[in-house]
Amino acid sequence: MQIAETLHELRSARQQLTGRVGLVPTMGYLHEGHLSLVRAASEECDHVIVTIFVNPTQFSAHDDLASYPRDLPRDLALLQAEDVALVFTPTPALIYPPGYQTYISVEQVSQEKEGGARPGHFRGVATIVAKLFNLAQPQRAYFGQKDAQQVAVIRRMAHDLHFPLEIVVCPIIREADGLAMSSRNVYLTADERRAAAIIPQAWQRAAQAYDDGERHPNALRALVRDHIAQEPLARLDYVSLASARTLAEQDSPTDEPLLLSLAVQVGRPRLLDNCLLPLALNTREGASATLGRVE
Ligand code: PAF
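Structure report, in brief. Please read these numbers as outputs of a predicted model, since none were measured by experiment.

All right, on to the pairing of strand 8 (residues 258-266) then. Here strand 8 lies mainly inside the structure; eight of its nine residues are buried. In the sheet, strand 7 (residues 234-243) pairs with strand 8 via nine bridges, with the strands oriented antiparallel. Along strand 8, the bridge assignment pairs S240 with S261. Alignment of strand 8 against strand 9 (residues 270-277), held across eight bridges, turns out to be antiparallel. Within the sheet, the bridge partner assigned to Q265 lies in strand 9 and is R270.

Written out as C-alpha cells, the structure is:
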C-alpha cells in the first residue's frame, strides 16, 4: 500500500494503476462503515484509492472541525489489512493554499434538510469531492447511504460537470442495537449512547407502517416524530419523506421510491439516519439505482 502526501506523489502513483480504479473518499477515523466501502471497491475494481482528509470547507464556524476525531496511524493500519493500493493524506494547505478561490455550489438538491441545517456544508463537500475526482481519476467512487443527501449532491455535481465515473452507494452499517455507525458516535456518553437506539427504532416503525400499506408522508413523519418524543435525551431536528431520486419533499401519497431521513440531536452530536422505502431498496444495488440518481 502506497501513501501519497503530495499532489506529485499522488499523480505518479495513480499513473501506475491500470484498469478500473475505485475511489473511497473519507475524513478518516475509520469504522466498519468506511471499511465496507473499501471492500465493495476492492470487489468491483482492479485498484482501490482511499483518501483521508478532514475537509475544513464543509464545517461551519459552530461545527466541530478542531475536535473532529482523528487517528491517522490507526486508519493506515486498518487500510493496510484491506486490499488498498494507495492512500492519499493531503494537508489543508495543499488542498486550499493561500489565495484559493474556487468552489462548487450544487443548487436545488443542497438546499433543504442537511443543507438548511448546515449552510455551506454541501458547497464544501462538492468542492472537495470534485477535486478528489480530478486528482484520483477513478472509474467508480464509493459513498455510504448514511449521508444520503450528500450522495444526491455528489451525483448531481458529477453529472453536471461531466465526470466520467459511476457512483456506487453502499448500505448503512449498524451497531448491534441498530444505531448507524458514525465517527461522531464517539461523542456520546453511555446514557446518550443507549438513548440513541431510539433513532433506528423510529424509522423502523414508519417503515413497518409503510409495509402495512401506509403511504401518506404526513402519517409516516408523525410516526417518527412521536417515537423520538418518547426519549428525553433525543431532540428531533427534522424528519423528511422525500423522493429517493430528486430528494424533493413529498406531501401526498406516492408509490415512487422514497427516502425517509432524520437528524436527531443526542447530547453533543447530531446523528443522521435514513432508509429507502420500500425496504428492499436498502442494498448496494437498490440504493445505487435509486438514491439521487440523475438520468
Ligand atoms: O462523507 C464524508 O466523509 C465526507 O463528506 C467526504 C465525502 C469524504 C468529503 O469530505
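Here the narrative resumes, following the displayed structure.
What follows is about the sheet that holds strand 2 (residues 21-26). With respect to topology, six strands assemble into an open sheet ordered 1-4-3-2-5-6, the strand pairing being parallel. The sheet is open, and its two borders are formed by strand 1 (2-4) and strand 6 (166-170), each paired with just one other strand. Between one strand axis and the next, the sheet turns by 25° as a mean value, whatever way the strands run. Direction of pairing for strand 2 relative to strand 5 (residues 140-144): parallel, over a ladder of two bridges. Bridge pairing in strand 5 links L23 to A141. Strands in contact with helix 1 (residues 7-15) are strand 1, strand 2, strand 3 (47-52) and strand 4 (86-88); relative to strand 4, the strand with the most contacts, it is inclined by about 155°. Strands in contact with helix 3 (residues 72-80) are strand 1, strand 3 and strand 4; relative to strand 3, the strand with the most contacts, it is inclined by about 170°.

Below, the discussion takes up the side chain of Q145. Tracing the backbone shows Q145 in the loop between strand 5 and helix 7 (148-160). Residue classification places Q145 among the buried positions, given a relative accessible area of 1%. For Q145, the contacting residues outside a window of four places in its chain are V169, C170, P171, I172, N274, C275, L276, N282, A287 and L291.

This part is about empty space enclosed by the protein. This model, assessed by the stated rule, comprises one cavity of 30 Å³ or more. As a volume, the largest cavity reaches approximately 40 Å³. In terms of lining, the largest cavity is formed by K146, L179, A180, S182, N185, I199, L271 and L272.

To continue, consider the environment of T26. Locating T26 in the fold gives a position in strand 2. The sequence separation of T26 and D212 amounts to 186 residues, and the corresponding C-alpha distance is 37 Å. In this view, T26 contacts H34, V50, T51, I52 and F53; residues no more than four positions away in its chain are not counted. A polar contact is formed between the side chain of T26 and the backbone nitrogen of G28, at a distance of 3.0 Å.

Before going further, it helps to spend a moment on the pattern of salt bridges. Between side chains of opposite charge, a pair can form when the charged atoms approach closely. Applying the stated criterion to the full structure yields 21 salt bridges. Its salt-bridge partner being K113, residue E249 comes within 3.0 Å of it at the nearest N-O pair. Of this pair, E249 sits in the loop between strand 7 and strand 8 while K113 sits in the loop between helix 4 (92-95) and helix 5 (114-117), and the two are 136 residues apart along the sequence. Among the residues examined, E249 registers a relative accessible area of 29% and is labelled partly exposed. Ionic pairing is found between E249 and R221, a salt bridge with its closest N-O pair at 3.2 Å. Within this pair, whereas E249 is found in the loop between strand 7 and strand 8, its partner R221 is found in helix 10 (residues 217-229), the two being separated by 28 residues in sequence. In the salt-bridge network here, residues are joined through shared partners; they are E43, E44, R140, E166 and R284.

Analysis parameters
Residues numbered from 1 in each chain as written. Predicted model: local features only at pLDDT ≥ 70, side-chain atom pairs only at ≥ 80, totals over all residues. Heavy atoms only, no water. Buried < 20%, exposed > 50% of the residue type's maximum accessible area, 1.4 Å probe, protein only. Helix = DSSP H or I, 4+ residues; strand = E, 2+ residues; numbered from the N terminus. Pairing = 2+ DSSP bridges. Axes fitted to C-alpha atoms, helices over the stretch in contact; angles between N-to-C directions. Contact = heavy atoms within 4.5 Å. 1 Å grid on protein atoms, 1.4 Å probe; cavity = no way out; pocket = protein on both sides within 12 Å on 5 of 7 lines; lining within 4 Å. Points joined across faces, edges and corners; volume = space filled by probe spheres on them. Polar contact = N/O pair within 3.5 Å; in protein donor to acceptor, adjacent residues only side chain to side chain. Salt bridge = Lys/Arg side-chain N within 4 Å of Asp/Glu carboxyl O.

The values are spatial; any link to function lies outside them.
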